[in-house]
Structure formats: C-alpha cells, structure tokens
Amino acid sequence: MSNYYFNEIEAKWQKFWAENQTFKAENQSDKPKYYVLDMFPYPSGAGLHVGHPLGYIASDIYARYKRHQGFNVLHPQGYDSFGLPAEQYAIQTGQHPAKTTKENILRYREQLDKIGFSFDWSREVQTSDPTYYRWTQWIFIQLFESWYCKQKEQAFPISHLIDIFEKEGNIGLDAKCDPNQSNFTAEIWNNFSEEKKQKVLLNYRLTYLAETEVNWCPKLGTVLANDEIIGGVSERGGFPVLKKKMTQWSMRISVYGERLLQGLDTLDWSESLKETQRNWIGKSVGAAVEFKMVDDKDEVKELTIKTFTTRPDTIFGVTFLTLAPEHELVDKITTSEQRIEVEKYITTTAKKSERERMADVKNITGVFTGAYAKHPLTKELIPIWIGDYVLVGYGTGAVMAVPCGDQRDWDFAKHFDIPIKNIFKNVDISEQAHTSKEDIVITNSDFVNGCSYLDATNKVIQELEKRYCGTKEINYRLRDAVFSRQRYWGEPFPIYYKDGLPQIIDEKFLPIRLPEIEKYLPTESGEPPLGRASIWAWDASENKIVSNDLIDHLKVFPLELNTMPGWAGSSWYMFRYMDALNKAEFSSKEAMDYWENVDLYIGGSEHATGHLLYSRFWVKFLKDRGFLNVDEPFKKLINQGMILGESAFVHRVEAENKLVSIGQIGNLKTQPIHADVSFVNASNELDMVAFKNWRPDFKDAEFITEEDGSFKVSREVEKMSKSKYNVVNPDDICEQYGADTLRMYEMFLGPLEQAKPWSTAGITGVYSFLKKTWRLFHSGLEDSFFVSDQAASKDSLKILHKTIKKVIEDIENFSFNTSVSTFMIAVNELGTQKCNSKEVLAPLLILLSPYAPHISEELWSKLGNKESISTAPFPKFEEKYLIEDVKKYPISFNGKMRFTLELPIDMSKDEIEAVVMSHEKTIHYLEGRTPKKVIVVPGKIVNIVG
RNA sequence: GCUGAAGUGGUGGAAUUGGUAGACACGCUGGACUUAAAAUCCAGUGGACAGUAAUGUCCGUACGGGUUCAAGUCCCGUCUUCAGUACCA
C-alpha cells in the first residue's frame, strides 16, 4: 500500500484497539492516575452531528497524551439515557422508550467508534439501566436518611437526630430544616405519636416532601426546576410555565449554599462559569429587621413584620414597608377600609403569569393596607403597602423601603406620593435614588450621622441586636431543588406510602424497576403515568416479583408515582465509571480511593447551573456521610464552544413559484427558504436537480440563475439542527476524508472554548497535510515505504524539537488549534529537506498520534513496532537542538529595528558589551537584565533584543 | 441594569515576560500538468505611495487619550458584539 487509504487504515486500527482492549484502564497501577471525562451524551434520535464530537476529540487528545506521558488514564464514556424526548416519542408512537433509547445508543456507538476515540468501553454506564439506577435510588435513600447539622456544617444520619430529640428536643439545635418547624422539648418529642414524629423528621431530611409552589408546564405535563426554565418558558420545547402548588419531593440543596460557594475557589474552572454559579447561589449579606405592628392606640401587637435588607445603614431613611401580595400577614393586617381594594389587587396580580409579571416591570402597581408598623429605632409610624415588585420567594417577602437609596423604592414612592427622606449628605435625590454605597456620608440618622456605609451598617446591626429587633443575616438566592417529575421515563422512587407518609422501600428490594404501562400519559384522574401500572416491582430478568409487600400498589401500599428528574442519574455517574460493574456498592472504596475525582472534565457551558451544581451538591453530601473521599467531583473543567451550522437559503419571489439566485434578486421581494446544505457546494452554488427532487413542491418552479447558469444561495450561521437542514454528519466526513482529518480539522477550526461555524470548505488543508505526512515516509521514485536508519541532519532535529516544545505547550494549554499549524509547518519543512530519518520521523509520529491516531498507528507499525503507538513514551524536548552557534541580536533605535548583530551563543555579558561598544555607541547595562537583553544609552536608548 | 468574555486582512485565526503584526489554513489571482474538468504541484496575496525592477517610504490590531526607546499586548476613557442573569431588597 503506497497511497494514503485512510478508510482501510482506520477500520484496521479501530478493530485492533477493540480486540486488544488497548485503552482499558486498570484500577491498580504503579503509574500515576489521570481521569479524563466527557459530559456523557443524551442519545437523541437525530444522531451525532459534527458539533457533538468536538469536546470528545479534545478530551481524547488529552487522554492519549497523558498515556504517552506514563499515566494510568481513565477515559470512559456512557449515556444519560433517561429523558423527555424518548418519552415524547413514546407518547406519539406507543413505542417503549427503552426500545428507542437502545436503538439510539447503538447508533451513537457506531458513530463514536468511527472517530477512533480511546474510550474504555468496558466501563460504559447507562442511567436508564436498572443496574445503574438501582444506585441512584440508593443515594436517594441516603439523602432521605440524613439531616444537616449547621454547627458542624455536615450531614449526619437521621438516627443521630432522633437520639438528640429523645434526649434534648430540638431547642438550641442548629440544624437546617423547614423554617416553620416549631420548637419542642425531649419530653414533648417522646410523647409525639409515631405519625407526628415522622412529620417532624420530614422537616429535617435532606430530601423531603413538601407542598411547594412549583413551575408547572402544562404542555409537558410536568414540573420543572428553576434551571430548566429559560426566560419564562421551558428549556425543552419552549412551552409556557405556570406557578402551581403541588406536593413534591425536594432536595435541600440550599443548606449546602455556603459550601458550594466556598468550594468554587478551589476549582480550576473558567472565571465566567464560577461567576455564573456564584450568581445562581446569590449570597447577599445584610440584616433581618423586625417592624412591630401597631393599632390605632399605638400599642404594639404581637404581629411582627420581618424584612431583609442589604443596606442596614439606610434604616433611618425608611418611609414605608412593602409586602409581597402573597405575604401571609397581608390578610391579618389589612384594615377594613382598605380590604376591598387590597383583595382586588391580590386577585389581579395572582392572575398574571410569571412572564407577564416580568414583562410588566416598568408598570408600578401596589396598594396601601391601611396598617402601620413601628420603626424599631425611631419609633415612627411607618405605613405598610403591598406591591408586586416584592417577591414572596426571596428573603422574607417583605422589604423596608428606603426610597432615597433604592431605585424601585424611589419609583414606588414617587408613584404613590409617599414621602422620600434624604439621609445622604450633599446628594441630590430629586431625580433618582442614590444607590451607590461608595463615598457616602450618612446624615439625618441619629447615632450614625457622619458615618460611612460600613460604619453605619455595623453600628445599626449592633443597635438592632441590642434591642432584639434585628440581626445580621445572610440570604441565598439558591432554592431547594424540586425532585419530582410527573413522567414515565425516569428513575422510580424507592418510596411507598403508609398513612399518607412516605416510607423507604428496603435496600434489599432495589432496584425498583419501571413498571410496564400501556400509554405513556397521565391517568384519567390526573396521576402521573406510573399510576397506570397496577403490578410493580416486577423483576423481568428473573421473572418474579421482588417483594410480596409491593405487588399491587393500590391495594397493599400505594407507591410513589412520580419519577426522578434528568439530573438524578448524571449527578454521580463519574464515580460509577471507576467501578462500573460493582453489584454490591455504587463504587468500591478501593476504586474511589485510587481514582479520587475527575482531573479533567470537558463539556458544554449550558450545564453551569444544573448538572454542575447538583453533582457538586451530591458529592459534598456523599462525602459528609463517608461514602466518598473527595469534596469536589471535577477539578478542572473546560467548556467547549458550540460548532454552528452554515444554513443555506434559496430565495423565492413572493407569491410566485419562482426561485431567484442571489445575484439576480435586485429589487424583487423574496422570502428565504432553508435548503439542505448538502446540495450546496463551497462556492454557494445550488444543485438544482437535487433540490427539486428533495422538495417536490418546487418541481415546477422557475429558476432564475446567474448569467453563467449557476444558482447561488445565501448563507447564514445558525445553531446546527435538523429543522434548519444545516446538519453536517461526522460519518460523511469520515467517509470522504477520514477520521484523522475530521479530528484535526475540528481542532483546527479555532480555540476549543469558542463558538465557531462549521465550514467543510477548509477541510482540504488538513487533509492534504495528512497526505503529505504519509508521503514523508515514502520514497519519491517508487513510491514505496522508505525510512532511513541514518542519523538525522541537524536541521531536521531542530524542526523536531521545535515541534515537541510547541506541541507539549499547546496540549497543556488546550490550544489544540495551534498545534495543528505546528505539525503542518514541521511536515512541510521536513519535506523540503527530504528528511527520511527514523530518528526524526518516529518521534514525530508519537507527537501526532493523540491528534491523528490511525495514521500514526499505521506508520508506526510499518516502522517495525509490534506494540500500539499509544504506549510509546512521549518524546522529550531538548533545548540543545535549538541552540545555534550564532545568535541574532536585533538592535533597535527609537523603537525601530535597525540592524542585527550576530554573536556567538556562548558570549559573556562583558564580551557582548564590548562588541556593542565597538559599534560606536555609549553603552550602559541595566542591572538585573540577562546578557541577551542589553539596554544601551548613547544619549538615546538602544535595546538589543535576543 | 449587573456579571463575565471578546473586538487583529476577504474568512477561521497566530503572535513567550511589551521587541520586525498578520504564523498556519481557507478563499482569491496567476502558472504547471490535462482535450477538458477534478485532483495535485508551484508562485503571489493587509492598505497607500514611489520605482522598469530589485526595493523603498508611510499608514495599519474597534475608537480616543496616556506610559515607554518600543504597545495587538500595560494604564484611563468610549463604543460594539456575544454569553449568563435579573423587580434579589
């Protein structure tokens, strides 16, 4: 074989790697470990397009590089195979989601295999596989059986909590729980009924059942977590989302808020991603301030309004309070005169959807309750209003309004003609509020007059605490995560109900398998799809019922009918890969002690507030409970940018069956119509016949072409998607140019983290590079394989070591795009030199092999090697090959390079000085500079650059 | 609004600690081979001006300033684009 027949080569080596298990990782090794992970894909029906493998190629290059460097590398792959699309498809077609999922996975695997990844497939996981979700259910049980001790900042087993209750009650206990939990003594606890005890414990468990206001998406028939909603509509499908009260499982992630925030500082993630998580956690430091209610006789009632503020320093500027319309005290405090108006206001706001409320931001609405509260420091009477700019879900649902220091309070006060009190010295607040905290001097404010923001804040909090009407408080925006979905294709909960209270199904019955149902829709009575199943916990593989207690979920004990959300399975999969076949544990201690956590994680940034936050939460929890030994799952994270598609548009003359080439449009009014990109060549010319066959409705259309007879389309960069007909399939590229070309071209497209459009046009550059590489190993005359054993020339060794240096730097910095250029330069130069020395060509192959593994393996074996190139040690860079006898010292005057001095490399500082002196300039060394960099002062400064 | 990232030829993008901007590739132009096309190979390719030419001079990294012998790179200000997020008190 003398030509570069990439198809044969690639098939051959892919088979070789699979048969020899070349990339199988061992859980024990003398080598240092390295764990490279990709975010595992959801196997969608559309298959992979060229954008999907981008991150996988990058991680594969890194994994292969680390193997060459002598690491024991874990580089697994699997599938996040529970999810909505398979279920929507099931609803439409009646096909079981398990079947579609299996087919999609097979298709994915086929496509992935063609690209030549070095995955260890023996560790594959699928989240929808019962042997996997058995452990997802197990983790859920551990969460249910745990509570969070605030004092120790750690989760503990619920049995400890019961001990504490029995001995001390919950008074003085610093635990994170439902804020409405009241206090009890040990005696009271011990006298509680079993049912009451269970209810109390539910308020402490890390996963709990609660009636919460949830984001209900009627079109999808399920609730959504906050991060699954983008701009008021569902992330999947873009359907409207409403607020609805439902009893749901929740995860008490909020108790981990501070640790999730602190942990970010230890991670090697991009600043923007960390910032996104910080914003999502949304820590704000301030004070809780209590305002006591007064009636007409000025007596303090037992009603207290608790507000949260980040600006305690402005407390003397309070001129009113605003409550959220849904605030529980609204009803109690409203005076009879104001009642009708208040109720009217509440009904109108309740009718508004989240979206309308967001769109309505500029419209100021609100109503006076008629009630007053007493200012905790001045004792003045403060009117209480309600307004929908205050959200019930944030802080306490009530704000102390300081119109001089907050723009929304200012707008509200102006609108309703409420007085505005200025407490800032020399600041004009007639046109807008003064919201800056910097350089302010507080005035008009009793004991904090003349103070800065910081002084005033501290003094006010001190005073509030002394008077028992306020404390320093920290608020987080992070909400507990809703964990129930009213869907079929997800993990069933290991839960049944007894007297309306949730009970854990014993571990020995896990996994609780998904039951078979006839239709994947909610029941007629509105229960989730699982309500259609009467027989549960049926082990199809063993063909028996796993637990007699659970035969019939209606008659014996009702089972939980919700399923877990998509992020359940993906929150811990990185640990399953370490020990994927373990039947006794989710992963063995030995395996986890060895692999620890993911050293490099590559995936899209769209998971910033979902997966990447939830998995950190679960890992911290599992660590607390001693099931894990690491605090963070992903040490280093890289977000690969999206590869966009270049859509093609055919222009149709409005209201006519005429298609016009873009050069002929002129003044015609046209509509763009998506054309499949495969009908368009690099010069934007459309294959008219193919287009007509593809869209029979344009069979008789008239084509107005350019003068040369071609028909041109317009182009636009869009997200790659089936509906835009701009999908480029990696299989086609592999077929036409080979996987090695695809891999290198995807890297060459641009920096890994940037979004960039795919353009098949440029691929020939990379392809011809690989052909040139191939030819480097062949003699020109007979075109046969020929590599010489003779020593390499100095020049070619120099090229090799320049390349080694650059490639190592590039891989370490994830600048794979510039590496490709480096290879191209090296191969061109070696070609020019007619270098065929094994001394240079063999190391070059190893350098290339992470990028283009197939061609490297083939040429490597032709060099006479029996072992796979993937075990060869990476070439070491040696400075000596780059050192020349003569070094060039360009000399600049006034910033312009004037001439170059060529001096022996081993010249000392003094000798260089002498030479420069002889150039009739006055010379002066700057202290601390190396001899290579000489600063000379001849009246003007001259600089020699080495 | 806030937070983060970025702005360099026709295009994607290179450029250690400030040191000859535009590497490499696409595209384009010209040439070789070919009946022709494709493929392949070779040369040229930021702009302006001068010169028959080799070449030379000037201008150029979003815009306006500044520091420096020297700025794509450092500092100040402005604009634009992208991403995330938002009545968050």
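Residues numbered from 1 in each chain as written. Chains lettered and ligands numbered in written order. Predicted model: local features only at pLDDT ≥ 70, side-chain atom pairs only at ≥ 80, totals over all residues. Heavy atoms only, no water.

A.B. asks: Could you give an account of the overall build of chain A, with specific residues and numbers?
C.D. replies: When its secondary structure is counted, chain A shows 28 helices and 34 strands. Classification of the 946 residues of chain A by burial places 52% in the buried group. (Helix = DSSP H or I, 4+ residues; strand = E, 2+ residues; numbered from the N terminus. Buried < 20%, exposed > 50% of the residue type's maximum accessible area, 1.4 Å probe, protein only.)

A.B. asks: Requested: an account of the sheet that holds strand β10 (residues 242–251), with residues and values cited.
C.D. replies: Taking strand neighbours across the sheet as the criterion, the four strands line up as β7-β6-β10-β18 in an open arrangement whose pairing is antiparallel. Every other strand in the sheet has two partners, leaving β7 (222–224) and β18 (481–482) as the edge strands with one partner each. As paired elements, strand β6 (residues 207–217) and β10 share ten bridges and run antiparallel to each other. When the bridges of β10 are listed, T207 appears paired with M251. (Pairing = 2+ DSSP bridges.)

A.B. asks: Describe the sheet that holds strand β5 (residues 175–176), and please don't skip the residues or the numbers.
C.D. replies: Spatial strand order, β4-β3-β5: three strands in an open sheet with antiparallel pairing. Lying at the two open borders of the sheet, with one neighbouring strand each, are β4 (154–157) and β5. As paired elements, strand β3 (residues 146–149) and β5 share two bridges and run antiparallel to each other. Its bridge partner lying in β5, Y148 is registered against K176.

A.B. asks: Just give me the short version of the pairing of strand β24 (residues 634–639), but keep the residues and values in it.
C.D. replies: One ladder, built from five bridges, connects strand β23 (residues 598–603) with β24; its direction is parallel. Looking across to β24, one finds that V598 is bridged to F634.

A.B. asks: How would you explain the side chain of R134 if you had to name every residue and give the values?
C.D. replies: Tracing the backbone shows R134 in helix α5 (residues 130–144). Buried charge without a salt bridge: R134, with E507 as the nearest opposite-charge side chain at an N-O distance of 5.1 Å. Apart from the residues within four sequence positions on either side, R134 is in contact with E507, L510, P511 and K583. (Lys, Arg positive; Asp, Glu negative; His and termini not counted. Salt bridge = Lys/Arg side-chain N within 4 Å of Asp/Glu carboxyl O. Contact = heavy atoms within 4.5 Å.)

A.B. asks: Quick one: what's the story with the packing of aromatic side chains, residue by residue and with numbers?
C.D. replies: Any aromatic ring pair is given by two values, namely how distant the centres are and how the planes are angled relative to each other. This model, assessed by the stated rule, comprises 68 aromatic pairs. Geometrically, the ring pair formed by F777 and F785 is stacked, given 6.4 Å between the ring centres and 15° between the ring planes. On the accessibility criterion, F777 (0% relative accessible area) is buried. Through pairs of rings, three or more aromatic residues link up here, namely Y34, Y62, Y65, F71, F769, F814, F816, F823, Y851 and F874. One cation-aromatic arrangement involves R477 over W280; the distance from NZ or CZ to the ring centre is 4.8 Å. Above the plane of the ring of W694 lies R695, whose end atom (NZ or CZ) is 6.0 Å from the centre. (Phe/Tyr/Trp six-rings, centres within 6.5 Å; stacked < 30°, edge-to-face > 60°. Lys NZ or Arg CZ within 6 Å of the ring centre and 35° of its normal.)

A.B. asks: Lay out unusual backbone geometry with the relevant residues and their values.
C.D. replies: Note the cis peptide between L510 and P511, where omega equals -5°. Position of P511 among the secondary structure elements: in the loop between β20 (501–504) and β21 (538–539). Although it is not a glycine, D446 adopts a positive phi angle of roughly 50°. For Y468, which is not a glycine, the phi torsion comes out positive at approximately 60°. Within the secondary structure, Y468 is located in the loop between α15 (453–466) and β17 (470–475).

A.B. asks: Which residues make up helix α3 (residues 84–93), and what values do they have?
C.D. replies: Taken together, the buried positions of α3 are L84, A86, E87 and A90. Axial view of α3: buried residues confined to an arc of 165°, hence all on one face. Phi for G94, located one or two positions after α3, is positive at around 80°. (Arc of directions from axis to C-beta.)

A.B. asks: Explain the nonpolar core to me, and be specific about the residues and the numbers.
C.D. replies: M744, W758 and F816 are the most contacted members of the largest nonpolar core, which has 85 residues in total. When residues no more than four places from it in sequence are discounted, the contact partners of M744 are V766, F769, L770, V820, F823, L848, Y851 and A852. Ranked by size, the runner-up nonpolar core spans 79 residues in total, among them A25, L267, F617 and V619. (Core = buried A, V, L, I, M, F, W, Y, C linked by side-chain atoms within 4.5 Å.)

A.B. asks: So what about the environment of S714? Which residues, and what values?
C.D. replies: Along the chain, the position of S714 falls in strand β29 (residues 714–718). If we skip the residues at most four places from it in the chain, S714 touches S647, A648, F649, H651 and I662.

A.B. asks: Give me the pattern of salt bridges: which residues, what numbers.
C.D. replies: As enumerated under the stated definition, the model contains 36 salt bridges in all. Across the salt bridge formed by D731 and K114, the nearest N and O atoms sit 4.0 Å from each other. A residue pair is termed long-range when its members are at least 10 positions apart, and D731 in helix α21 (residues 730–736) and K114 in helix α4 (residues 97–115) qualify at 617 residues. Taking the relative accessible area as the measure of exposure, K114 reaches 34% and is therefore partly exposed. The partner of R311 in a salt bridge is D313, with the nearest N and O atoms 3.1 Å apart. In terms of burial, R311 and D313 fall into one category: buried. Connected via shared salt-bridge partners are D265, E271, E275 and R278.

A.B. asks: Outline the side chain of H854, supporting the account with residue identities and numerical values.
C.D. replies: Summarising the element assignment, H854 is placed in helix α27 (residues 853–862). A distance of 3.0 Å separates the side chain of H854 from the side chain of Q14, its partner in a polar contact. Leave out the neighbours within four places in its chain, and H854 touches I9, E10, W13, Q14, W17, I115, G116, A739 and D740. (Polar contact = N/O pair within 3.5 Å; in protein donor to acceptor, adjacent residues only side chain to side chain.)

A.B. asks: Kindly report on helix α6 (residues 158–168), identifying the contributing residues and their values.
C.D. replies: Taken residue by residue, α6 has I158, L161 and F165 as its buried positions. Down the axis of α6, the buried side of the element spans an arc of 50°, and every buried residue falls inside it. Facing away from the buried side of α6 by over 90 degrees, the exposed positions are K167 and E168. In this fold, the buried residues of α6 make contact with β3, β4, α7 (186–191) and α8 (194–202). Just downstream of α6 lies G169, where phi reads positive at about 70°.

A.B. asks: Which residues make up the confidence of the model for chain A, and what values do they have?
C.D. replies: Here chain A shows a mean pLDDT of 85. Residues at 70 or above account for 88%. The ipTM, which scores confidence in the relative placement of chains, is 0.92 for this predicted complex, and the corresponding pTM is 0.89. (pLDDT = per-residue confidence, 0-100.)

A.B. asks: Account for the environment of Q137, naming residues and giving values.
C.D. replies: Considering the arrangement of structural elements, one finds Q137 in helix α5. A relative accessible area of 0% places Q137 in the buried class. Separated by 431 residues in the primary sequence, Q137 and A568 place their C-alpha atoms 9.1 Å from one another. Q137 has contacts with P492, P494, L510, P511, I512 and M564, leaving out every residue within four places of it along the chain. Looking at Q137, its side chain comes within polar contact range of the main-chain oxygen of I512, at 2.9 Å.

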